[in-house]
Amino acid sequence: MQSASILPRQPTDYTIPYSPSTMSTPPLMLNGFEYIFLIMSRYEKGKEVLEAIQERSVEEIFEGLEDIAPDMSRFVVEFPYAEIYTREEVDLKTRELCTVAALTVLGTVPQLKDHINAALNVGNSPTEVVEIIMQMSAYCGFPKSINGVVAAKEVLKERNLI
């Protein structure tokens, strides 16, 4: 199936290509290509991507924020996942490896573990993930890189990959 390059119709509404793994609505046939066009809010668009990558619900991912900062989860869903992760210029495997690298450098272990899981969910191998974390030792130092490797080990153990 080929996908179209589709631009936003309005600032808050978007059309997206049909994905049989995430949508049950049948496609529209147009000039021999299958398309489905759904008008989605930024939140719906980001939620679909985030839940597909993380393989958990948005409510589950952000459960600790709802009582103190309920808008925080909406900000995360609407900006990086609706606006950045859906761009076609870079695939999700690459985006997740970049995110793992950035979170390693920042030393944010809880988010790093989530994105190690996401990197594996979108097709990166455990070796690729660990290699990227190790490479970050040249940029953030050994302590943060070691913490990243330990986080990867915990995730890989939870997934029975080591």
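Because the structure is a prediction, the values reported are computed rather than measured.

S.K.: So what exactly am I meant to see when it comes to the overall build of the protein chain here?
M.R.: When helices and strands are tallied, the protein chain shows 8 helices and 4 strands. Listing the helices and strands of the protein chain from first to last along the sequence gives β-β-β-β-α-α-α-α-α-α-α-α. In the protein chain, buried positions account for 33% of the 162 residues. Considering only contacts within the protein chain whose residues lie at least 6 apart along the sequence, 57% involve residues at least 24 apart. Element-wise, carbon and sulfur atoms account for 57% of the exposed surface of the protein chain, whose accessible area totals about 9700 Å².

S.K.: Which parts of the structure should I look at to understand a negative patch on the surface?
M.R.: There is a patch of like negative charges on the surface, built from Glu-59, Glu-60, Glu-63, Glu-66 and Asp-67. Counting through the fold element by element, Asp-67 comes out in the loop between α2 (58-61) and α3 (70-84).

S.K.: Hey, could you run me through the packing of helix α6 (residues 126-135) against helix α8 (residues 142-158) in this one?
M.R.: Between two packed helices, the angle of one axis relative to the other and the distance separating the axes together describe the packing. Interaxial distance between α6 and α8 falls to 8 Å at its minimum, and their mutual angle equals 165°. Between α6 and α8, the crossing angle belongs to the class labelled roughly antiparallel. Note that α6 runs across α8; the crossing there is right-handed. Where α6 abuts α8, its residues Pro-126, Val-130, Ile-133 and Met-134 lie against Ser-145, Gly-148, Val-149, Ala-152 and Leu-156. Its residues assigned to classes, the contact of α6 with α8 shows 7 nonpolar, 2 polar and no charged.

S.K.: Would you take a moment to explain helix α4 (residues 92-106) for this structure?
M.R.: In an α-helix, one full turn covers 3.6 residues, which means residues spaced three or four apart are oriented alike. If you check α4, its first and last C-alpha atoms are 21 Å apart, about what 15 residues at 1.5 Å a residue would give, namely 21 Å. The secondary structure elements touched by the buried residues of α4 are α1 (42-54), α3, α5 (109-121), α6, α7 (137-140) and α8. Positive phi appears at Gly-107, one or two residues downstream of α4, with a value of about 75°.

S.K.: Please explain the environment of Asn-121 as it appears in this structure.
M.R.: Here Asn-121 shows up in helix α5. Here the alpha-carbon distance between Asn-121 and Ala-52, two residues 69 residues apart in the chain, equals 8.6 Å. Those residues in contact with Asn-121 that sit more than four places away from it in its chain are Ile-53, Gln-54, Glu-55 and Arg-159.

S.K.: Looking at this model, I keep getting lost on a nonpolar patch on the surface. Mind explaining?
M.R.: Taken together, Phe-142, Ile-146 and Val-150 make up a surface patch of nonpolar side chains, about 300 Å² in accessible area. Its location among the elements puts Ile-146 in helix α8.

S.K.: Looking at this structure, I do not really get the nonpolar core. What am I missing?
M.R.: In this structure, Val-100, Leu-112, Ile-116, Leu-120, Val-129 and Ile-133 are the most contacted members of the largest nonpolar core, which totals 17 residues. Every element with two or more residues in this core is listed here: α4, α5, α6 and α8. With residues near it in sequence (within four places) discarded, Val-100 still touches Leu-112, His-115, Ile-116, Ala-119, Val-129 and Ile-133. Val-49, Val-77, Tyr-81 and Tyr-85 belong to the second largest nonpolar core, which has 11 residues in total.

S.K.: Please clarify how α8 should be interpreted in this entry.
M.R.: If you check α8, its first and last C-alpha atoms are 24 Å apart, about what 17 residues at 1.5 Å a residue would give, namely 24 Å. By the burial criterion, the buried members of α8 are Ser-145, Gly-148, Ala-151, Ala-152, Val-155 and Leu-156. The buried residues of α8 all sit within an arc of 135° when viewed along its axis, so they share a single face. Exposed residues pointing more than 90 degrees away from the buried face of α8 are listed as Phe-142, Pro-143 and Glu-158.

S.K.: Before we go on, may I ask you to explain unusual backbone geometry in this structure?
M.R.: Negative phi is the rule for most residues except glycine; trans is the rule for most peptide bonds. At Glu-55, a position not held by glycine, the phi torsion is positive, near 60°. Residue position: Glu-55 is located in the loop between α1 and α2. At Asn-160, a position not held by glycine, the phi torsion is positive, near 55°. By the element assignment, Asn-160 lies in the segment after α8.

About the thresholds
Every chain begins its residue count from 1, and numbering advances along the sequence as written. Selection of residues for local features in this predicted model requires a pLDDT of at least 70, selection of side-chain atom pairs for listing and counting requires 80 or more, and totals for whole chains, interfaces and linings are taken over all residues. Only hydrogens and water are set aside when side-chain values are computed; all heavy atoms of the structure are taken into account. Numbered from the N terminus, helices here are DSSP runs of H or I no shorter than four residues, and strands are runs of E no shorter than two. Here's how the labels work: a residue is buried when its accessible area is under 20% of the maximum for its type, exposed when over 50%, partly exposed in between, all with a 1.4 Å probe on protein chains only. What makes two residues a contact is simply this: any of their non-hydrogen atoms within 4.5 Å. Throughout, the Shrake-Rupley method with a 1.4 Å probe supplies accessible areas, and for residues the shown protein chains are the sole cover considered. Surface patches are defined over residues having more than 30% relative accessible area and no salt bridge, joining like charges when they lie within 9 Å and nonpolar side chains (Val, Leu, Ile, Met, Phe, Trp, Tyr) when within 5 Å. Salt bridges are identified by distance alone: a Lys or Arg side-chain nitrogen within 4 Å of an Asp or Glu carboxyl oxygen. Asp and Glu are treated as the negative residues and Lys and Arg as the positive ones, with His and the ends of the chain left uncounted. Charge placement uses NZ in Lys and CZ in Arg. For Asp and Glu, CG and CD serve respectively. Note on definitions: angles span 0 to 180 degrees between N-to-C directions of axes, and those axes are lines fitted to C-alpha atoms, for helices only across the stretch in contact. Each angle gets one of four labels, with under 35 degrees taken as roughly parallel, over 145 as roughly antiparallel, 65 to 115 as roughly perpendicular, and the rest as oblique. Throughout, a crossing is termed right-handed when the near helix is turned clockwise from the far one, and left-handed when it is turned anticlockwise from it by less than a right angle. Gly counts as polar in this scheme, as do all residues outside two lists: the nonpolar Ala, Val, Leu, Ile, Met, Phe, Trp, Tyr, Cys and Pro, and the charged Asp, Glu, Lys and Arg. Expected helix span is computed as 1.5 Å times (number of residues minus one). Only buried residues count toward a nonpolar core. Its members are Ala, Val, Leu, Ile, Met, Phe, Trp, Tyr and Cys residues joined through side-chain atoms within 4.5 Å. Note that the arc is defined by the directions from the helix axis to the C-beta atoms.

Any functional reading would require information that these geometric values do not contain.
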